[in-house]
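Results of the structural survey
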Amino acid sequence: MPQRHKIVVCRDLGPDVMPMLLNHPELEVILWPEDSPCDRKWMLESARGAVGILVLLTDKVNAELLDAAGPNLRVVSTMSVGYEHIDVPELAKRGLKLGYTPDILTDAVADLSVMLALMAGRNAKETMQVWPNFTWSPFGFCGPQLSAAPTSPKRTVGFIGFGRIAQKTLARLVPFGFSHCLYTANPSTPANPAADAQVAAKFGVKEVRRVDLTELARESDVVFVLAPGGPKTYHIVNEEFLKQMKKTAVLVNTSRGTLVDSDALTKALHEGWLYGAGLDVVEGEPRVDHNHPLVKAPRCVVLPHIASATNETRTAMAALAASNLINGIFGKSMPAELHITQ
């Protein structure tokens, strides 16, 4: 009988994926039994002697957990694109492999990004709160139209970060009449007007142009925050940025909550510096409840980090996380390994 390797799985991955792990003859699966964030005490106790651990964004992977697991641990696999919950230098120091799930959620996040722009601009929160007990008036709950109109034919979108999700979002906005695209990028990378022209031709828009934050805030009808998290982008959307936005503009964040200064955005919404905001992520999540200033702010739609929450996307993410774990344990190439060095 083959030796069985102990793995810890911090959430049930569903009927399409769990058999990959449970039916594997060489794996002993320790599974957190609740459909809720994994209990820390259980996680530390269960990790003892494990060769692999599969986590979610809510599960902190640090020296405490790695010490609890011990010397048998070979791989950590996270069912997420981001890995802010993981102490990557600590994994590198111990020679551990890290798997993650990039690319799969691109379309789902782009879909939800446009949905939030529509919801914020069209007062979805306020109208759902008062229905059906309200008095109709011809201009009640009117907000800025996302699509181009005869009275305002030019539509400009701004992206903070212009990777795969941003470009998929742009593709969805073209049928709304968006013809101008501005974006900011990592200052360490040089501008490439020729590449921008190719992107503009690909999507059939008049221009795609790299600009600074000031111009992006000033010119955009909708700003999508889609840059990575980390110290370099912390509070990149701050009071200075928000004060420069159009009063009719909408801000959408589907990347990381830390990119937007929550206090500044709350103030901006109350004082009318911009029209509205659609947020799938908020700094401090999951400790965000109905008393959070942004949840209570006017014209602000807050969702509980569900941008990738489609059946197709979550199943594919779970399958990739499981494959990363299995391959990492048995010394095979991981489908999506984050290559880390000390």
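Heads up: these notes are all about the structure in this document. From a predicted model like this one, the values you see are computed outputs, not experimental measurements.

Let us now look at the overall build of the protein chain. Counting its secondary structure elements, the protein chain contains 13 helices and 12 strands. Its C-alpha radius of gyration of 22 Å places the protein chain within 12% of the 20 Å reference for a compact globule of 342 residues. Considered along the principal axes of its C-alpha atoms, the protein chain spans approximately 75 × 55 × 35 Å. The 342 residues of the protein chain split such that 50% are buried. Partitioning the contacts of the protein chain with sequence separation of at least 6, the portion at a separation of at least 24 is 66%. When the accessible surface of the protein chain is summed, it comes to about 16,700 Å², and 55% of that surface belongs to carbon and sulfur atoms. A distance of 3 Å separates the average location of the 34 positive side-chain charges in the protein chain from that of its 35 negative side-chain charges.

Using the criterion set out here, one finds 16 salt bridges in the structure. A salt bridge links Asp-111 to Arg-172, with the nearest nitrogen and oxygen atoms 2.6 Å apart. Here the residue Asp-111 occupies a position in helix 5 (residues 106-121), and Arg-172 occupies one in helix 7 (residues 164-173), the gap between them amounting to 61 residues. Its relative accessible area of 43% is what places Asp-111 among the partly exposed residues. The salt bridge partner of Glu-219 is Arg-218, with a shortest N-O separation of 3.3 Å. Taken together, the shared-partner salt bridges connect Asp-67, Glu-90, Lys-93 and Arg-94 into one network.

What follows deals with unusual backbone geometry. Note the cis peptide between Trp-131 and Pro-132, where omega equals 5°. Looking at the element boundaries, Pro-132 is found in the loop between helix 6 (124-130) and strand 6 (156-160). Following Glu-285, the chain continues to Pro-286 via a peptide bond in cis, the omega torsion being 10°. With respect to the element layout, Pro-286 can be found in the loop between strand 11 (276-279) and helix 12 (293-296).

Let's shift gears to the packing of aromatic side chains. Applying the stated criterion to the full structure yields seven aromatic pairs. Arg-299 extends its terminal NZ or CZ atom over the ring of Tyr-275, reaching a point 5.6 Å from the ring centre.

Summarising the element assignment, Glu-64 is placed in helix 3 (residues 63-69). Judged by its relative accessible area of 43%, Glu-64 falls in the partly exposed class. Distance from Glu-64 to Glu-240, taken between C-alpha atoms, is 39 Å for residues 176 residues apart in sequence. Ignoring anything within four residues of it in the chain, the contact list for Glu-64 reads Arg-40 and Leu-44. Engagement of the side chain of Glu-64 in a polar contact is seen with the side chain of Arg-40, the distance being 3.0 Å.

Our focus in this paragraph is the sheet that holds strand 5 (residues 97-99). Pairing within the open sheet is parallel, and its five strands lie in the order 2-1-3-4-5. A single partner strand is all that each edge strand has here, and the edge strands are strand 2 (27-31) and strand 5. Across the sheet, the axes of successive neighbouring strands diverge by a mean angle of 20°, strand direction being ignored. Of the pairings in the sheet, the one linking strand 4 (residues 75-78) to strand 5 comprises three bridges and is parallel in character. Looking at the pairing, Val-76 lines up with Leu-98 of strand 5. Contacts from helix 13 (residues 311-329) reach strand 1 (5-9), strand 2, strand 3 (52-55), strand 4 and strand 5 within the one sheet, and its direction differs from that of strand 4 by about 170°.

Within a regular beta strand, the side chains point alternately toward one face of the sheet and then the other, so they alternate between its two faces. Alternating positions in strand 9 (residues 222-225) separate into two faces, Val-222 and Phe-224 on one and Val-223 and Val-225 on the other, with burial throughout. Looking at chain direction, strand 9 and strand 10 (residues 250-253) are connected through four bridges and run parallel. The residue bridging Val-225 from the neighbouring strand is Asn-253, located in strand 10.

Ser-262, Ala-264, Leu-265, Thr-266, Ala-268 and Leu-269 are the residues of helix 11 (residues 262-271) that are buried. Contacts from the buried residues of helix 11 go to helix 10 (239-243), strand 10, strand 11, helix 12 and strand 12 (300-302). Capping of helix 11 at its N-terminal end is provided by Asp-261; its side-chain oxygen lies 3.1 Å from the backbone amide nitrogen of Asp-263.

Looking at where Thr-233 falls in the secondary structure, it is placed in the loop between strand 9 and helix 10. With near-sequence residues (within four places) excluded, Thr-233 lies in contact with Ala-227, Pro-228, Thr-258 and Leu-259.

Analysis parameters
Residues numbered from 1 in each chain as written. Predicted model: local features only at pLDDT ≥ 70, side-chain atom pairs only at ≥ 80, totals over all residues. Heavy atoms only, no water. Helix = DSSP H or I, 4+ residues; strand = E, 2+ residues; numbered from the N terminus. Rg over C-alpha atoms; globule rule 2.2 N^0.38 Å. Buried < 20%, exposed > 50% of the residue type's maximum accessible area, 1.4 Å probe, protein only. Contact = heavy atoms within 4.5 Å. Areas by Shrake-Rupley, 256 points an atom, 1.4 Å probe, with all protein chains shown as cover. Lys, Arg positive; Asp, Glu negative; His and termini not counted. Charge placed at Lys NZ, Arg CZ, Asp CG, Glu CD. Salt bridge = Lys/Arg side-chain N within 4 Å of Asp/Glu carboxyl O. Phe/Tyr/Trp six-rings, centres within 6.5 Å; stacked < 30°, edge-to-face > 60°. Lys NZ or Arg CZ within 6 Å of the ring centre and 35° of its normal. Polar contact = N/O pair within 3.5 Å; in protein donor to acceptor, adjacent residues only side chain to side chain. Pairing = 2+ DSSP bridges. Axes fitted to C-alpha atoms, helices over the stretch in contact; angles between N-to-C directions.

From the geometry alone we can't say anything about function, so treat these as descriptive.
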